[in-house]
Amino acid sequence: MPENRSHVDGARVLADLHALRGIGTYKTGVHKPTFSEPHMRSLEWLAQRLPEAGLTSRIDGIGNVFGTTAKSGPKLLAGSHLESQNFAGWLDGPLGVVYALEAARVINSAPNANGAVEVASWCDEEGHFGSFLGSRSYIGEVSEDDIDAARDRGSGRTMRDALSEVGLAGRARVKAEPGRHIGYLEAHIEQGRTLESRALSVGIVTSIVGIWQYRITFSGEQNHAGTTRMEVRRDAGLALARFCVDIDDRFPDLSGPRTVWTTGRITLDPGAPSIIPGRAEMLFQIRDDDPAVIDRLEVLLRSMAAEASSRGRCGVTVERIRTGAPAMMDAKFQHAIEAASLAFAGGRCIRMPSAAGHDAQILSTIMPAAMLFVPSIGGVSHHWSENTADADIVTGAEVFIDACRRLLAG
Ligand SMILES: [Zn+2]
């Protein structure tokens, strides 16, 4: 057994996670929307723990929490997020924050350790007010205008109001210091079934998929639903339904092994039972980590729209409204996680892409970054029943902390 195994305190990791679960509890999960009272209490909880790891804590002007040290030597940044989706699970976010805290407690106090682990909790990873606002603020991608424009997608409350209500208005935002960190490491629950179905303990993330989004518009002719005979109708809603089915028939031929596509919101205009819709719109999303796959699917999508327009009775247009940027995880960091898995998880690990977005994809644009997954029971996440076996949580912590140590040792 590796000699430093005893340094990770599995019971302490579990106790910390349960402490965070006790703030904003909902059934067996939590309800902690960004800047809610339980979210803020969770940030305070972390800020109070960080000195145990020899770190100075600070909550910045966008709700990011940082634990930093004046210790010399290489520094590794580690963390995740503490807010949740509405009425969601207890581990999505807190797992990575508590692992980072434990890594800092174990490594920073060790007399022979090289360098230190610094901790970050990124605000609003779950996107209540925007898209990765906390980590994007840190890398300098969020302007004051962006904050002015941000609103809670549910309540409509402005981010400015929320920041002033929680006492963060006017506080400076911490920005990344070039060269300060050797990289960023984040642990997270898998939120899928890959690990569980193969009885594995650790997922080594190779890439985080990019998300491409499209608005597909169908134009027909609005008319009376009683007096307009079927053969002369130009029903935009029907054209949309046919197009959805066509996508599902034809995409598999050109997609990659892990490509996924989803029709989100469908709008029929005017959307009344007695009126034939003259216009219809669907929001459509594709995820993959290979832009070449997306390129050919987009060509197909546009040619399907052209075919549908020329053959059918309605015009179809495709507009790309979001261009994905897949994030590749650092090879050296992946190797460190693999070595740590061999030492602490019997090598029960697999390299896999992440189909969900994470702050690591933002950090990867300015420094080497990597992620480690632990199994999710039944693959369930974004639901209060989300869970991971205690033994897997503890094994994941041991692998994470050993990976941190290896990276700091160079
Ligand atoms: Zn998360």
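Let me begin by describing the structure that accompanies this report. (Residues numbered from 1 in each chain as written. Predicted model: local features only at pLDDT ≥ 70, side-chain atom pairs only at ≥ 80, totals over all residues. Heavy atoms only, no water.)

Here the structure, examined in full by the defined rule, presents 10 aromatic pairs. Each member of the aromatic cluster is reached from another via a ring pair, and the members are Phe66, Trp122, Tyr138 and Tyr184. Lying across the ring of Trp90, Arg21 places its NZ or CZ 3.8 Å from the centre. (Phe/Tyr/Trp six-rings, centres within 6.5 Å; stacked < 30°, edge-to-face > 60°. Lys NZ or Arg CZ within 6 Å of the ring centre and 35° of its normal.)

This part covers the pattern of salt bridges. All told, the structure shown has 27 salt bridges when counted by the stated rule. Across the salt bridge formed by Glu298 and Arg302, the nearest N and O atoms sit 3.0 Å from each other. Note that Glu298 and Arg302 are positioned in helix α9 (residues 291-311) at a spacing of four residues, about one turn of the helix. Overall, Arg302 belongs to the partly exposed group, its relative accessible area being 36%. Overlapping salt bridges, with partners in common, bring together Arg12, Asp16, Arg49, Glu52, Glu102 and Arg105 in one network. (Salt bridge = Lys/Arg side-chain N within 4 Å of Asp/Glu carboxyl O. Helix = DSSP H or I, 4+ residues; strand = E, 2+ residues; numbered from the N terminus. Buried < 20%, exposed > 50% of the residue type's maximum accessible area, 1.4 Å probe, protein only.)

Attention shifts here to the coordination of the zinc ion. Donor atoms from the polypeptide that bind the zinc ion are His81 (NE2), Asp92 (OD) and His188 (NE2), placed at 1.9 to 2.2 Å. The sequence motif formed by the donor residues of the zinc ion is H-x10-D-x95-H. Residue Asp92 is found in the loop between β5 (75-80) and α3 (94-108), and its partner His188 is found in strand β7 (residues 183-189); the two are separated by 96 residues along the sequence. On the basis of relative accessibility, which here comes to 2%, the residue His188 falls in the buried class. (Donors = N, O, S within 2.8 Å, 3.2 Å for Na, K, Ca; no water.)

Here we take up α9. Compared with the 30 Å implied by 1.5 Å per residue over 21 residues, the 30 Å span of α9 between its first and last C-alpha is a close match. Of the positions making up α9, those classed as buried are Val293, Ile294, Leu297, Glu298, Leu300, Leu301, Met304 and Ala305. Viewed along the axis of α9, the buried residues span an arc of 165°, placing them on a single side of the element. Away from its buried face, by an angle of more than 90 degrees, α9 presents the exposed residues Val299 and Ser310. Buried residues belonging to α9 abut β9 (210-219), α8 (236-250), β13 (279-288) and β14 (315-322). Structurally, the start of α9 carries an N-cap: the backbone nitrogen of Ala292 is 2.9 Å from a side-chain oxygen of Asp290. (Expected span 1.5 Å × (residues − 1). Arc of directions from axis to C-beta. Contact = heavy atoms within 4.5 Å. Polar contact = N/O pair within 3.5 Å; in protein donor to acceptor, adjacent residues only side chain to side chain.)

On the basis of which strands lie adjacent, the open sheet formed by four strands has the order β11-β13-β9-β14 and antiparallel pairing. With one partner strand each, in any of the chains shown, β11 (260-269) and β14 form the two edges of the open sheet. Adjacent strand axes in the sheet meet at a mean angle of 20°, parallel and antiparallel pairs treated alike. Of the pairings in the sheet, the one linking β9 to β13 comprises 10 bridges and is antiparallel in character. Note that in β13 the partner of Gly210 across the bridge is Asp288. Running over the sheet, α9 touches β9, β13 and β14 and is turned about 155° from β14. (Pairing = 2+ DSSP bridges. Axes fitted to C-alpha atoms, helices over the stretch in contact; angles between N-to-C directions.)

Now for the side chain of Arg21. Structurally, Arg21 can be placed in helix α1 (residues 10-21). Despite its burial, Arg21 remains without a salt bridge, the nearest opposite charge being carried by Asp390 at 7.0 Å. Contact partners of Arg21, with chain neighbours within four places excluded, come to Thr28, Gly29, Val30 and Trp90. (Lys, Arg positive; Asp, Glu negative; His and termini not counted.)

So, on to the packing of α8 against α9. At a minimum axis distance of 11 Å, the contact between α8 and α9 shows a crossing angle of 135°. Judged by the inter-axis angle, α8 sits oblique to α9. Crossing angle aside, the handedness with which α8 passes α9 is right-handed. The segment α8 lies against α9, with Phe243, Asp246, Ile247 and Arg250 engaging Leu300, Leu301, Met304, Ala305, Glu307 and Ala308. (Parallel < 35°, antiparallel > 145°, perpendicular 65-115°, else oblique. Left-handed = near helix turned anticlockwise from the far one by under 90°.)

To continue, consider the pairing of strand β4 (residues 65-68). One ladder, built from four bridges, connects strand β3 (residues 56-59) with β4; its direction is antiparallel. Paired with Arg58 across the strands is Phe66, a residue of β4. In this structure, the hairpin formed by β3 and β4 is closed by a connection of five residues, where Gly63 is found at a positive phi of approximately 90°. Looking at chain direction, β4 and strand β6 (residues 116-121) are connected through three bridges and run antiparallel. Looking at the pairing, Gly67 lines up with Val119 of β6.

In short, the description is geometric, and any link to function would need to be established separately.
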